[in-house]
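Structural features, examined
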Amino acid sequence: VTRCLMGTSAAQSRAMAADSNTGKIAMAVAVMSRRLTCLGLGFRRRVMRAASNDLGLDILQQKVELQTPYGRVEVVALRPSDEKLSAVLVNVGCYYTLADTLERVEGPRYVAQGYAYVLWRATGPLEEVADQVFQRWRDDASVVLDWLGEQPWCDGRVGCHGYSLLGNTSYATLAASHATDAPASRPLVKCVVPAISFSRIQPTVFVRGQSLAAELALRFLWLAEVGLRQGRLVGFSYIWNMFGFFGLPDWPGLGSALAQRPVGDADVDLWGRANTLWKGGQTSRHPSDSFWDGRDRQFQFDGLRGPAHIHVIAGWNDMFLLQSLDDYVEASRVADTRLTIYTGGHFGVVMNHAGEVAAETGRCYREHLAGDAPDTRKAVRMQLITEKEEEWLECDQWPPPTESHLEMFLQGEGTTGSLLRQPGKAHLSYTYDPKDPTPYAGDGWLNLQKDGPQEQRGLEASRTKDLLLLSSEPLEEDLDIVGEVSVSLSVRCSASECDVLARLCVVRSPKQGWLSPLSPLNGIADPRGLGSGRSVNLCENIARAQFHKDQVKRLDLSIGFTACRLEKGDCLRLHICSAAHPRWLRHPLQPQGEDWLLGDSEVGAPAEVVVESPSCLKLPLRSRAVTSG
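Read on for an overview of the structure. Since this is a predicted model, take the numbers as computed values, not measurements.

Some details on the overall build of the chain
Along the backbone of the chain there are 15 helices and 23 strands. The 629 residues of the chain split such that 59% are buried. Sequence-distant contacts in the chain: of pairs separated by 6 or more residues, those separated by 24 or more amount to 76%. Put simply, the chain shows about 25000 Å² of open surface, and 51% of that area lies on carbon and sulfur atoms.

This is how it looks when you write it as structure tokens:
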């Protein structure tokens, strides 16, 4: 965690861990404590001056407890002096224990740069915290901002940033700051840097109306209810539970909790308490349902009281990529904006690019809070997925302009076929069984062990009945794919409704031969005759479709966005199946007329899915408008 927050290298982190003083940038013993009342809000205030610490700073620390419409928040403000300062605001929301780490590690770093660092977290019973996630962020931010506006050391200029949930709370703080009914004394948020984050949660949780991101929802709510809840896990219990959550590819208990129908009691099965968001979301699945008022959208991207800058940071394999891209496009209508996309998934961006993200955040604050020279780089920067040295691409807009596409047509029979540049005949089929739904092996949503790009060969070799694999011939030259990938499929299905998933992978050319073409081990190690090379996922998506008996349905599906260099000798591989369980909850193939989530019948019989010609994969080729940067 220290490495991620401070942007240090792995070697630096190990050296810091060896120093018993490093990472303990703690404040000295409080010199006074008294009860105060301010603006009708009861709070406890302690002002402490730190002794010399590892950064060589004297830090003033102020702690208060504020009452908001949803409960209490604890606020910690760190600053280098009593002079007028711009403030960096971070709301950890329901991630209570994370605040202690941020206060020790990230806070002094911003104080050293001349900012006040203001951190707050929600306290109180679970009904006020875990049941009110998302809903309380803006009201909490309004109270904290108004308190900040009363401080003599605040110059009225604020910046916000944070990964994941903390980026979501940053959007809420931006909204509270620029509310039309905000008092004139409320400080203005001048810049926001949400990283691998989202302004809206409903579209991601319900996979844009196509499924339910069950694993993401339950893992997040467990962190709010148990994992990062104050006093809930201690000692060996903490170590054991965190190992099960982060250290195993399959979270203990999740499979059995989602095997039942309905899945409404999965929260009780996993942590012993019914959660309002888990229960209510299953009966209110449309973003216009009143249940999502105040929960779904943290910022409307309109009605700003003054200039604001929004720098959206995303990851190519992050679960929030599509929402981050939507946020950038929406923000571009009303604010000065930038977009930076790194390689990797949700955890991968944090672990591999923390230093770069910290540098981008610092650059943003220097420009928009301290008045440094403007950033002259192009608005959109994309890290290229490549096996060679790090390379960046730039353009002026999103989505990146596309001048031409490479079309590859599906051909073959059974469950293994080809991707060819000329149309041909396809009659591919697989069987989807909801009792044994197809799992996934990469792009995990809040699953560290399956996060981001992962080797797919184990999945490809083991799922011979419910996973179509279509591979191209090795490329004869390098090729850059930049933009939105899509497929057009001609599909028949024996069920009246079923999910169809498409996943694009790159098969990297092996540096040396994996097995001899005549090796007797080929039939064991490579039963589908896929050849050698690592198969790595690039992007994927799922669609729910209705079918009529003996009729072919044309299904046009956006697989997602990517920027990848395919090198000479690499192959493309397309997966087609009907599940990526439990990341996206399996379709139960329930009886007609029964709700797929709320129904309690047994899952239906296996469905036969046929993909016929014409079916085509469409790849965007890098255009001249996308330059190296």
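Comments concerning a nonpolar patch on the surface
Where nonpolar side chains cluster on the molecular surface, the patch consists of F236, W240 and F243 and spans about 410 Å² of accessible area. Tracing the chain through its elements places F243 in helix α8 (residues 235–247). Here F243 falls in the partly exposed class, since its relative accessible area comes to 43%.

Regarding the pattern of salt bridges
Tallied over the full model, the rule gives 40 salt bridges. The closest approach of N and O atoms between K450 and D250, which form a salt bridge, is 3.2 Å. Of this pair, K450 sits in the loop between β15 (426–432) and α14 (457–462) while D250 is found in the loop between α8 and α9 (254–259), placing the two residues 200 residues apart along the sequence. A relative accessible area of 11% places K450 in the buried class. In this structure, R622 engages D480 in a salt bridge whose closest nitrogen and oxygen atoms are separated by 3.0 Å. Linking R622 in strand β22 (residues 607–622) with D480 in strand β17 (residues 479–493), this pair joins segments that are 142 residues apart in sequence.

A closer look at the side chain of T438
Secondary-structure assignment places T438 in the loop between β15 and α14. The exposure class assigned to T438 is buried, which follows from its relative accessible area of 0%. Looking at T438, its side chain comes within polar contact range of the side chain of D466, at 2.9 Å. Setting aside its immediate chain neighbours within four residues, T438 contacts R463, D466, C577, A579, A580 and H581.

Concerning the packing of aromatic side chains
According to the stated counting rule, one finds 25 aromatic pairs in the structure shown. Aromatic side chains Y115 and Y365 sit 6.0 Å apart centroid to centroid with 65 degrees between the ring planes, which places their arrangement in the edge-to-face category. Of this pair, Y115 sits in the loop between α3 (98–112) and β6 (116–123) while Y365 sits in helix α13 (residues 346–368); the two residues are 250 residues apart in sequence, bridging distant segments of the chain. Taking the relative accessible area as the measure of exposure, Y115 reaches 5% and is therefore buried. Aromatic rings pair up to connect Y95, F134, W137, F198, F220 and F320 into one cluster. In this structure, R121 is placed above the aromatic ring of Y96, and the distance from its NZ or CZ to the ring centre is 3.7 Å. Note that R381 overlies the ring of W392, its terminal NZ or CZ placed 4.5 Å from the centroid.

Section: the packing of helix α4 (residues 137–149) against helix α5 (residues 165–177)
Running from N to C, α4 and α5 cross one another at 60 degrees; their axes reach a closest spacing of 8 Å. Viewed along their axes, α4 and α5 adopt a mutual orientation that is oblique. Of the two possible hands of crossing, α4 and α5 adopt the one that is right-handed. Here α4 contributes W137, R138, A141, S142 and L145 to the contact with α5, which in turn contributes L165, N168, T169, A172, T173, A175, A176 and S177.

Structural notes on helix α12 (residues 321–332)
Compared with an ideal rise of 1.5 Å per residue, which puts 12 residues at 16 Å, α12 spans 17 Å between its outermost C-alpha atoms and is within 8% of the ideal. All of the buried residues in α12 are L321, Q323, S324, L325, D327, Y328 and A331. Those residues of α12 that are buried are in contact with α5, α6 (202–205), β9 (309–315), β10 (336–342), β11 (380–383) and β20 (553–566).

Notes on the pairing of strand β14 (residues 416–420)
By the bridge criterion, 5 bridges tie strand β13 (residues 402–414) to β14 in an arrangement that is antiparallel. Each residue of the ladder has a partner; that of L410, found in β14, is L419. The antiparallel hairpin formed by β13 and β14 contains 1 residue in its connecting segment. Relative to strand β16 (residues 468–472), β14 runs parallel, the two sharing 4 bridges. Its bridge partner lying in β16, L419 is registered against S472.

About the cut-offs
Residues numbered from 1 in each chain as written. Predicted model: local features only at pLDDT ≥ 70, side-chain atom pairs only at ≥ 80, totals over all residues. Heavy atoms only, no water. Helix = DSSP H or I, 4+ residues; strand = E, 2+ residues; numbered from the N terminus. Buried < 20%, exposed > 50% of the residue type's maximum accessible area, 1.4 Å probe, protein only. Contact = heavy atoms within 4.5 Å. Areas by Shrake-Rupley, 256 points an atom, 1.4 Å probe, with all protein chains shown as cover. Patch = residues over 30% accessible without salt bridge, like charges linked within 9 Å, V, L, I, M, F, W, Y side chains within 5 Å. Salt bridge = Lys/Arg side-chain N within 4 Å of Asp/Glu carboxyl O. Polar contact = N/O pair within 3.5 Å; in protein donor to acceptor, adjacent residues only side chain to side chain. Phe/Tyr/Trp six-rings, centres within 6.5 Å; stacked < 30°, edge-to-face > 60°. Lys NZ or Arg CZ within 6 Å of the ring centre and 35° of its normal. Axes fitted to C-alpha atoms, helices over the stretch in contact; angles between N-to-C directions. Parallel < 35°, antiparallel > 145°, perpendicular 65-115°, else oblique. Left-handed = near helix turned anticlockwise from the far one by under 90°. Expected span 1.5 Å × (residues − 1). Pairing = 2+ DSSP bridges.

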